[in-house]
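# Geometric and topological summary
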Amino acid sequence: EIVLTQSPGTLSLSPGARATLSCRASQTVVSRYFAWYQQKPGQAPRLLIYAASSRATGIPDRFSGSGSGTDFTLTISRLEPEDNAVYFCQQYGGSPALTFGGGTTVEIK
Amino acid sequence: QLQLQESGPGLVKPSETLSLTCTVSGGSINSRNYYWGWIRQPPGKGLEWIENINHSGSTYHNPSLKSRVTISLDSSMNQFSLLLRSVTAADTAVYYCARYPVATDGSFAFDIWGQGTMVTVSS
């Protein structure tokens, strides 16, 4: 089973700051099959990044993804109040075929 | 614009079967470019993938739930469904349905989600 470990658990930053979220896999993940989601309170998750670094439709360019192998990063370059959310990483390709990380909460001060 | 909507009972008794349907509107479920999946989220916790199915009935599943899960697709109704048998309190969660593109230029990520439906397992 491929386990995805996200860190930190919570990130508390001011508007305009840069947020760096990490997702580490227990085994190599094919970048093509790695994604990031944003979930605001009371809402369904929203796809932010797919194929490790491609922004989904309508996602602002202050969201960026990078990484490969077992280490992946989501960067939010200039935090805005609406970025207050939980962020999940997800991979496809191991067994079980698809897993999510435990999430990182981003709090805007 | 494609939309997904979950429906089903909000309360299920322990040991019974949870049954949910996802209705797809604004597009056809009968496309080889997509799988259609179920994901759940217990209150205050993270996301757990359950199973995916495509237009021809091919599925791939989470082994931790496989023995209790049946997923099916009805092209004529543009719907897909989830049955989860022998439920316990641990199955209490918000259940989401979502689209999963698998074409050559697809995202291989859940790109469109339903709003979710809360299911509570309690007597």
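Scroll up a little and you will see the structure.
On a predicted model such as this, the values are computed, not experimentally measured, just so you know. (Residues numbered from 1 in each chain as written. Chains lettered and ligands numbered in written order. Predicted model: local features only at pLDDT ≥ 70, side-chain atom pairs only at ≥ 80, totals over all residues. Heavy atoms only, no water.)

This brings us to the nonpolar core. Grouped together as the largest cluster of nonpolar side chains are 46 residues, with contacts concentrated most on Trp36, Tyr87 and Phe100 of chain A together with Phe110 and Trp113 of chain B. Looking at this core, the element that brings in the most residues is strand 3 (residues 19-29) of chain A, giving five residues. In contact with Trp113 of chain B, other than residues within four places in its own chain, are Tyr37, Ala44, Pro45 and Phe100 of chain A together with Leu4, Ile39, Tyr96, Cys97 and Ala98 of chain B. Of all hydrophobic cores here, the second largest spans 25 residues; its members include Leu2, Leu65, Leu82 and Val87 of chain B. (Core = buried A, V, L, I, M, F, W, Y, C linked by side-chain atoms within 4.5 Å. Buried < 20%, exposed > 50% of the residue type's maximum accessible area, 1.4 Å probe, protein only. Helix = DSSP H or I, 4+ residues; strand = E, 2+ residues; numbered from the N terminus. Contact = heavy atoms within 4.5 Å.)

Approximately 570 Å³ is the volume found for the largest pocket. Taken together, the residues that form the lining of the largest pocket break down as 13 nonpolar, nine polar and four charged. (1 Å grid on protein atoms, 1.4 Å probe; cavity = no way out; pocket = protein on both sides within 12 Å on 5 of 7 lines; lining within 4 Å. Points joined across faces, edges and corners; volume = space filled by probe spheres on them. Nonpolar A, V, L, I, M, F, W, Y, C, P; charged D, E, K, R; others polar.)

Looking now at the packing of aromatic side chains. Considering all chains together, one arrives at 20 aromatic pairs over all chains under this definition. When the centroid spacing of 5.7 Å and the interplanar angle of 80° are considered together, the rings of Tyr37 of chain A and Trp113 of chain B count as edge-to-face. Here Tyr37 of chain A is found in strand 4 (residues 34-39), whereas its partner Trp113 of chain B is found in strand 10 (residues 112-113) on a different chain. The pair Tyr37 of chain A / Trp113 of chain B is uniform in exposure class, with both members buried. Three or more aromatic residues link up through ring pairs in this structure, and these residues are Tyr33, Tyr37, Tyr92 and Phe100 of chain A together with Tyr35, Trp49, Tyr60, Tyr96, Tyr100, Phe108, Phe110 and Trp113 of chain B. (Phe/Tyr/Trp six-rings, centres within 6.5 Å; stacked < 30°, edge-to-face > 60°.)

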